[in-house]
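Listed below are the residues making up each chain.
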Amino acid sequence: MDVLINVFVALHIIGIASLLGGFLTQMKAMGAGTARFGPAMLHGALMMLITGVALVGLNQADDQTVNNIKIGIKMAVLVVILGLVYVKRDEETVEKPLFGAVGGLTVTNIFIATVWT
């Protein structure tokens, strides 16, 4: 079970890297007002959602303690990110505050995952 959980953790990290990487590569474009949500950002957010739900289930099946409040907050933040990226995915440009909000929420989710113990 540990190997399976570690595989899903790795996939979860790849998802966050895709989402955050897509944001960071668009920082210069955001300054110019031409940033857009790329497919990597959408796919990264979807991967995070799927692997996150799987991780909760696997950890509970393995009789490990899961902080449901923390997971609920992380999921709520991720659903907001996913909703924003999904709705605006086909637009040529995304407004600076909206694009910045997705980056800020992504970083917030990372800090919730790592700092909240």
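Residues numbered from 1 in each chain as written. Predicted model: local features only at pLDDT ≥ 70, side-chain atom pairs only at ≥ 80, totals over all residues. Heavy atoms only, no water.

Visitor: For this particular structure, what's the right way to read the packing of aromatic side chains?
Guide: Any two aromatic rings considered together are summarised by their centre-to-centre distance and by the angle between their planes. All told, the structure shown has two aromatic pairs when counted by the stated rule. With a centroid separation of 5.2 Å and an interplanar angle of 25 degrees, the aromatic rings of Phe-23 and Phe-99 are classed as stacked. Pair noted here: Phe-23 is in helix α1 (residues 2-25) and Phe-99 is in helix α5 (residues 96-115), with a separation of 76 residues, a long-range link. Each member of the pair Phe-23 and Phe-99 is classed as buried. Ring geometry for Phe-37 against Phe-99: centres 5.2 Å apart, planes inclined by 20 degrees, an arrangement best described as stacked. Pair noted here: Phe-37 is in the loop between α2 (27-32) and α3 (39-61) and Phe-99 is in helix α5, with a separation of 62 residues, a long-range link. With a relative accessible area of 1%, Phe-37 lands in the buried category. Taken together, the aromatic side chains of Phe-23, Phe-37 and Phe-99 make up a single cluster linked through ring pairs. Stacked on the ring of Tyr-86, the Lys or Arg Arg-89 has its end atom at 4.0 Å from the ring centre. (Phe/Tyr/Trp six-rings, centres within 6.5 Å; stacked < 30°, edge-to-face > 60°. Helix = DSSP H or I, 4+ residues; strand = E, 2+ residues; numbered from the N terminus. Buried < 20%, exposed > 50% of the residue type's maximum accessible area, 1.4 Å probe, protein only. Lys NZ or Arg CZ within 6 Å of the ring centre and 35° of its normal.)

Structural measurements only, silent on function.
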